[in-house]
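Chain and residue survey
Residue-level listing of the chains:
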Amino acid sequence: MSFFFFLTMNGQVLLFVSLFALDAVYGQVSYSIPEEMSRGSLVGNIAQDLGLEIQRLISGKAKIYSRNNEEYIELSREKGVLLVKERIDREALCAHTAFCALHLEIILENPMEFYSVTVQITDINDNAPSFEKNEMKFKISESTTVGAKFVLQRAADLDVGINGVHNYELKPADHFALKRQNNADGNINVEMVLQKPLDREKEEQISLVLTAVDGGEPRMSGTMLIQVTVLDANDNAPVFTQHTYKATVTENSPAGTLVATVSASDADGDLNSKISYSITNTQDNVRNIFDINKDNGQVSLIGNIDYEKSRHFQIHLLASDDGGLTDSSKLIIDVQDINDNKPTINIMSKSNVISEDAEINTVVTMINSEDLDSGENGNVNCFINEDIPFVLKISKNNFFSLVTENDLDRERSGEYNITVMCSDEGVPSLSSNVTLTLLISDVNDNAPVFERSSYEAYIVENNTPGVSIFTLKASDADWNHNARLSYILEDSSVNGVPVSSYVSVSADSGVIHSVRSFDYEQLKEFHFRVRAQDGGSPPLSSNVSVRMLIQDQNDNAPQVLYPVQTGGSLLAEMVPRSADVGYLVTKVVAVDVDSGQNAWLSYKVHKATDRALFEVGLHNGEIRTVRQVTDKDAVKQRLTVVVEDNGRPSRSATVIVNVAVADSFPQVLSEFTDLSMHDKEYNDQLTFYLVLALAVVSFLFITCLLLIISVKVYRWRQSRVLYHSNLPVIPYCPPRYSDTLGTGTLPHVYNYEVCRTTDSRTSDCKLDRVASHNVMTMDPSLTATMQKIHSQKSILDEPESPLEVRIPFCKL
Ligand SMILES: *[C@@H]1O[C@H](CO)[C@@H](O)[C@H](O)[C@H]1NC(C)=O
Ligand SMILES: *[C@@H]1O[C@H](CO)[C@@H](O)[C@H](O)[C@H]1NC(C)=O
Ligand SMILES: *[C@@H]1O[C@H](CO)[C@@H](O)[C@H](O)[C@H]1NC(C)=O
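Parameters at a glance
- Residues numbered from 1 in each chain as written.
- Chains lettered and ligands numbered in written order.
- Predicted model: local features only at pLDDT ≥ 70, side-chain atom pairs only at ≥ 80, totals over all residues.
- Heavy atoms only, no water.
- Phe/Tyr/Trp six-rings, centres within 6.5 Å; stacked < 30°, edge-to-face > 60°.
- Buried < 20%, exposed > 50% of the residue type's maximum accessible area, 1.4 Å probe, protein only.
- Patch = residues over 30% accessible without salt bridge, like charges linked within 9 Å, V, L, I, M, F, W, Y side chains within 5 Å.
- Areas by Shrake-Rupley, 256 points an atom, 1.4 Å probe, with all protein chains shown as cover.
- Salt bridge = Lys/Arg side-chain N within 4 Å of Asp/Glu carboxyl O.
- Helix = DSSP H or I, 4+ residues; strand = E, 2+ residues; numbered from the N terminus.
- Pairing = 2+ DSSP bridges.
- Axes fitted to C-alpha atoms, helices over the stretch in contact; angles between N-to-C directions.

Focus on the packing of aromatic side chains
- A full pass over the atoms with the stated rule returns 15 aromatic pairs.
- A ring pair is formed by Phe450 and Tyr455, whose centres lie 6.2 Å apart and whose planes are at 80 degrees; its orientation type is edge-to-face. For the pair formed by Phe450 and Tyr455, the shared burial category is buried.
- On the numbers, 5.6 Å between centres and 55 degrees between planes, the contact of Phe688 with Tyr689 is tilted.

Next up, the structure:
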């Protein structure tokens with residue numbers, strides 16, 4: 001067999017196959033035509049190529065037989081050629097089979113002949129490469145390392161051979177490069193290789209175009225869009241907008257107050273940029289005071305904020321994204337003061353007493369005032385109430401001294417309530433106060449003052465000694481012992497006698513007692529001074545003069561001075577018979593040592609020989625004739641005149657006045673003789689009584705003397721029997737009271753207990769009893785004796801003491 005190829009004018013390749021030695025004259029012919037030829041296009045001249053006559057074709061009713069009933073090719077019997085009956089698409093017919101041919105049989109009848117015709121369909125580049133999808137999507141993390149490969153979809157080209165996919169191109173090529181890999185089956189695998197790191201923050205979407213080109217002429221291409229989404233990797237930390245934030249907040253702001261808002265940003269996307277805020281302070285209590293909203297960064301108060309406790313807060317902030325990347329920042333919060341603290345006042349000194357003699361500017365106490373607030377709110381001014389003799393001086397910052405401004409006088413004001421008020425300069429200002437009660441202590445600066453500048457006291461004479469006369473009273477403005485007064489009688493003398501023997505003053509009460517009985521007739525008045533002395537140190541005293549007036553009592557009867565009353569003598573007043581009416585016979589002269597009414601004398605005739613003859617002047621005692629003396633009147637007239645004072649009760653004296661009515665003395669004498677005889681008789685009787693009285697008194701005296709001697713002797717004997725030992729005998733005799741002070745002041749109470757014996761044998765008493773029961777308050781002069789007694793007692797109290805001492809006590 002031999003093959004001949006011809007290239008025809010219209011590009012058809014004619015294949016001639018010469019078949020020899022075929023029995024049934026079978027011929028075989030092949031043609032090659034490109035696909036997609038229009039209808040009627042010539043496939044081959046079959047009559048010529050098979051050597052058949054056109055006539056034969058017509059007579060043989062040549063027809064084409066196709067196994068698959070394909071009718072792409074038709075036979076023109078008249079022309080003896082094969083024509084394209086229908087458009088032939090190689091791709092539809094043979095797909096990827098590189099050799100594509102139509103196998104036909106040409107059948108002739110009469111006789112029957114078979115001819116095989118093979119029509120090879122050749123490919124033309126009529127298909128562009130195409131991708132199954134026109135877009136491919138990749139999600140690639142930005143953290144993907146360089147060199148990572150991503151398999152791309154291959155393009156398909158229905159054409160085959162050179163017309164198939166020949167090459168790929170990827171654009172732009174800055175991130176990815178294309179890698180081709182020829183497979184054994186002739187396909188090309190394409191991969192995209194990361195050449196340069198991705199950064200989502202710069203480029204989130206990358207669009208690439210993959211172009212597949214075939215090798216045909218002209219070249220055809222297909223494209224596919226590659227969408228690369230760069231996935232975020234948490235490669236960016238959050239970043240605060242400021243390195244340090246600042247905010248202010250006023251103290252005492254309520255919880256929930258927004259203080260500041262901070263924010264941070266994160267360049268990453270989505271979850272990786274979700275920032276949560278937190279406070280990281282651990283040492284301090286910031287987290288109890290501030291809170292941050294973890295989502296929006298709002299810092300707000302949750303606790304109390306007190307400027308006085310902390311003036312600044314430093315909050316450490318942390319912003320973190322979900323990926324755990326963080327940034328930190330600081331929020332510095334300045335707390336603003338508000339005037340919420342009162343000043344405090346401290347009184348520094350413990351003592352609240354000051355002496356009234358404190359000098360001006362004496363510091364009473366220091367005062368400290370503090371205000372926790374600051375600035376104006378903490379500037380403190382202090383005042384004290386006015387009208388008190390104190391001032392407040394600023395000594396140092398917030399220290400004040402309270403000093404006296406004037407002299408103090410306890411007697412004027414014994415205590416002061418000093419209110420210290422301090423206020424700050426805040427608006428509104430707060431203030432507080434403290435009241436200090438300052439006591440003024442007493443100094444003995446006031447002398448006692450008597451109630452009166454002088455006293456006059458009266459006492460009726462013949463008083464009983466010791467009677468209280470009156471009471472002096474002095475007062476002392478000082479306090480306590482500085483005002484405890486004692487009254488002292490000042491030493492002076494009255495008529496050469498110390499005044500203390502007249503009066504005494506009770507030291508405690510100021511009561512003036514008489515010491516003796518006064519006799520107005522001897523002493524009508526006297527003066528003395530009494531001093532009142534206080535108990536201060538040194539004591540102050542003042543004195544007052546007392547005028548003591550003794551009041552008269554009618555204790556003296558009138559005394560008749562004239563006519564003198566003598567026992568035996570006869571005295572008579574002569575009244576001449578010629579005397580006229582109103583003749584002054586005599587004058588009874590009487591005195592009364594009393595005074596006043598008590599000495600106001602009146603005279604009355606008590607008895608008279610002839611009452612009608614004489615009268616006595618009631619007040620002057622003049623005895624005058626009332627009528628003319630007649631001869632009938634007796635010579636001897638006798639008048640008893642009563643002199644009476646005006647006291648109550650009144651006292652009186654009588655005087656007998658003899659009046660002789662005669663003209664001559666001898667006459668008178670004879671008359672009066674018998675009168676004197678009576679008197680002599682009387683005198684004899686008196687002498688007898690006197691002698692009798694003397695005898696009785698003498699007898700009594702001698703009797704007493706004997707009695708005393710006998711008692712003494714008896715006692716002496718008794719004592720000889722009782723005391724055998726010659727142990728020392730300490731006599732103890734309490735001294736009698738004597739006015740050793742010489743002031744006339746009665747000493748204080750003076751007590752002692754006398755040991756009495758019921759039994760006459762024992763004049764002593766048990767020591768114990770004496771020592772323990774003797775209670776004495778006595779003059780200082782006695783103290784020495786007392787001490788002696790005490791020391792004796794301590795010796796004697798020793799139980800082992802061999803001494804047995806008995807102390808006799810003297811009875812008063
Ligand atoms: C001082 O205050 C006290 C008690 O508050 C009061 O009893 C006293 O009378 C006051 N003294 C003066 C001098 O005001
Ligand atoms: C002193 O303080 C009290 C309350 O502490 C107040 O009632 C009084 O009015 C204050 N006195 C003065 C004088 O401010
Ligand atoms: C008595 O007081 C007066 C002033 O009243 C004074 O001059 C005199 O010295 C005082 N006498 C005595 C003894 O203290």
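There is more to say, and it comes next.
Brief notes about a nonpolar patch on the surface
- Nonpolar side chains collect at one region of the surface, where Leu561, Tyr562, Val564, Leu571, Val589 and Val591 lie side by side and expose about 480 Å² of accessible area between them.
- Counting only elements with at least two residues in the nonpolar patch, the list comes to strand S47 (559-562) and strand S50 (589-591).
- Position of Val591 relative to the elements: it lies in strand S50.

What about the sheet that holds strand S4 (residues 42-45)?
- With antiparallel pairing, 3 strands are arranged side by side in an open sheet as S4-S7-S6. Two strands in the sheet have a free side with no partner beyond their single neighbour: S4 and strand S6 (73-76). Recorded for the sheet is a direction-independent mean angle of 25 degrees between the axes of neighbouring strands.
- Bridge count for S4 against strand S7 (residues 81-84) is 3 bridges, and the pairing is antiparallel. Paired with Leu42 across the two strands is Leu83, which belongs to S7.

Quick look at the sheet that holds strand S29 (residues 353-355)
- Across the sheet, 4 strands lie side by side as S29-S35-S34-S31; this open sheet has mixed pairing. Looking at which strands have only one partner, the edges of the open sheet turn out to be S29 and strand S31 (380-384). Averaged over all neighbouring strand pairs, the angle between strand axes comes to 30 degrees, with direction disregarded.
- Pairing of S29 with strand S35 (residues 431-441), which is carried by 3 bridges, proceeds in the parallel orientation. Looking at S35, one finds that Ile354 is bridged to Ile440.

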